[in-house]
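In case you want the letters, here they are:
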Amino acid sequence: MNVLFVTSEVYPLIKTGGLADVSASLPRALLQQNQDVRILVPAYQSLLAKLDKVREIAQTQHYGYTVRILQTTLPSTRVKVLLVDCPALFDRPGNPYLDSTGVEWHDNALRFALLCQVAVDVALNRLAFDWAVDVVHCNDWQSALVPALLSRFEQRPATVFTIHNLAYQGLYPKQTFINLGLPAELWTMHGVEYHDYFSFIKGGLNYADRLNTVSPQYAAEIQTEQFGFGLQDLLLHRSSELSGILNGIDTEVWNPGRDTYLHQKYNTRSLDKKVLNKLALQKQFALTEDSEVPLIGLISRLVEQKGLDLILDSMPELLKMPLQLIFLGSGEALYQAELKKLALAHPDSVAVHIGYDEALSHQMEAACDLYLMPSLFEPCGLNQLYSLRYGTIPLVTAVGGLADSVVSYTDESRANHTATGFVLNSASAASLVEAVALALEVYAQKETWRQLQLNAMQQDFSWQASSQEYLRLYQQAVLDTE
Ligand code: ADP
Ligand code: GLC
């Protein structure tokens, strides 16, 4: 199949979160199954700076801009990448969504509408690439207008829309819809209108032939008021075309046996060496150097979703326990400030690095004993999967992909060697404290802990199974349009 994969970020060229990881590893897995997948992504400034081999293959015009389509491949792969090069909109410092001071770009609606228009050009083979697209796979609100725009054509490829996070919807005033010159017929509640606002994400939710999200549990959750962010009725209505496919991970990028970022590589047979990573990190962050003390890590966008409030509320209790904590993240100013305060007050046991740091994220996965992920909701979550693979036991809430990927420690799951982590009874600070206390108890039983680590490391979260589910989804979408 010829698949156009439209996304706003892709690792290692540009990344703010899990979408980038999936946008690289899923196409790669599909390529290994001989599917012709090409990724379409904006040519952001920092992305272009990472590439030396790009070639122009076409030009188009939208919103008064000349747009060049550049072609390259994802570093160290054969996956083709098409870059939407429109310097006026994308050649800027900062990240894909925010300027360097953390404020949303004022023209995000225009920037991503342009991405969608170019995707439509490619999908309809208007640019003479000689490549007939079978399926356009769109991801999150930034590419959600593509199914809406394509729906107006008799002859068009099938469309699939993946919800990576329903909390981000691309909501703008009606005037933005008008300014973008979008077809008036899309302005209905069954189109892109949402309580008189213009909703990008509804373009995907209403018009894509097939919808999916990134775990089975989240697919069920978003059809309820608690997790539906106001879109639950629409999702319920499309229930029969909505599925959940658990994300896979790139097992080459995340492999403790080969990870070149690590101070000390290790695998299930040399698990004893994992602790050298802890000692190195303790030293680097001037924590008390102690191989025995349990080290708990968190690597995250610092936003409400990730349970930062639970963590902060449980701190007074956690800090009474014999443990160390290390946080890596960036995001909301309040969380950044609170975490920094903690590290200042407890320099021997709490370390904080505010910012984005790829190398440190790998080093932390290897160094920590426990990984903290008490999210309020979590479409899939990748860090708990990376943690499992690194023998770093996740502590999670029972939501979305966390519930689908972590088996809670109980007497039974301990006995039959299926336990892989600790699941909170509820999303509360009290449950978090309780779960950490239990984890420390188990940590003290060396044999049991070792078995827990081995259970975790032996899980298969490669794309093997999930990429085949995507292929079936593409096939269904194609059948829908025939
Ligand atoms: P989300 O996409 O909601 O942020 P995921 O768990 O799916 O959550 O993916 C987050 C990805 O971003 C992981 O690969 C994680 O390691 C990475 N990440 C998040 N924050 C940072 C950071 N500050 N430095 C390095 N990597 C980070
Ligand atoms: C989103 C979700 C996260 C998911 C990622 C990749 O950012 O918040 O749970 O793992 O997308 O699908």
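Residues numbered from 1 in each chain as written. Chains lettered and ligands numbered in written order. Predicted model: local features only at pLDDT ≥ 70, side-chain atom pairs only at ≥ 80, totals over all residues. Heavy atoms only, no water.

For the structure on display, the rule yields one cavity of 30 Å³ or more. In this structure, the largest cavity spans a volume of roughly 40 Å³. What lines the largest cavity is simply Y44, Q45, F90, R92, P93, G94, N95, P96, W105 and R111. The class makeup of the residues in the lining of the largest cavity is five nonpolar, three polar and two charged. (1 Å grid on protein atoms, 1.4 Å probe; cavity = no way out; pocket = protein on both sides within 12 Å on 5 of 7 lines; lining within 4 Å. Points joined across faces, edges and corners; volume = space filled by probe spheres on them. Nonpolar A, V, L, I, M, F, W, Y, C, P; charged D, E, K, R; others polar.)

What follows deals with the domain arrangement of the protein. Domain annotation of the protein identifies domain 1 (2–248 + 463–481) and domain 2 (268–457). In this assembly, 21 residues from domain 1 lie in contact with 18 residues from domain 2. Both sides of the domain 1 and domain 2 interface together cover about 1,400 Å² of buried area, and 60% of this is carbon and sulfur. Applying the counting rule to domain 1 against domain 2 returns one salt bridge. Here K15 makes a salt bridge to E358, at a shortest N to O gap of 4.0 Å. For the pair domain 1 and domain 2, the interface holds seven residue pairs in polar contact (both at pLDDT 80 or more). When contributions to the side of domain 1 that touches domain 2 are tallied by element, the ones reaching two or more residues are α1 (18–32) and α8 (216–221). Take the side of domain 1 that touches domain 2: its biggest share by element is four residues, from α8. (Domains from an automatic or database assignment. Contact = heavy atoms within 4.5 Å. Buried area = accessible area lost by both parts, 1.4 Å probe. Salt bridge = Lys/Arg side-chain N within 4 Å of Asp/Glu carboxyl O. Polar contact = N/O pair within 3.5 Å; in protein donor to acceptor, adjacent residues only side chain to side chain. Helix = DSSP H or I, 4+ residues; strand = E, 2+ residues; numbered from the N terminus.)

Before going further, it helps to examine helix α11 (residues 308–318). Of the residues making up α11, those classed as buried are L308, L310, I311, L312, S314, M315 and L318. Where α11 is buried, its residues contact β13 (295–302), β14 (324–331), α12 (333–345), β16 (370–373) and α17 (429–443). (Buried < 20%, exposed > 50% of the residue type's maximum accessible area, 1.4 Å probe, protein only.)

Along β14, six of the eight residues are buried, which leaves the element largely enclosed by surrounding structure. Pairing geometry for β13 and β14, over eight bridges, is parallel. Residue I299 lies in a different strand from β14, and its bridge partner there is L328. Following the backbone out of β13, through α11 and into the adjacent parallel β14, one traces a crossover that is right-handed. Here five bridges tie β14 to strand β15 (residues 350–354), and the two strands are oriented parallel to one another. By the bridge assignment, L325 is partnered in β15 with V350. (Pairing = 2+ DSSP bridges. Right-handed = clockwise from strand over helix to strand, strands pointing away.)

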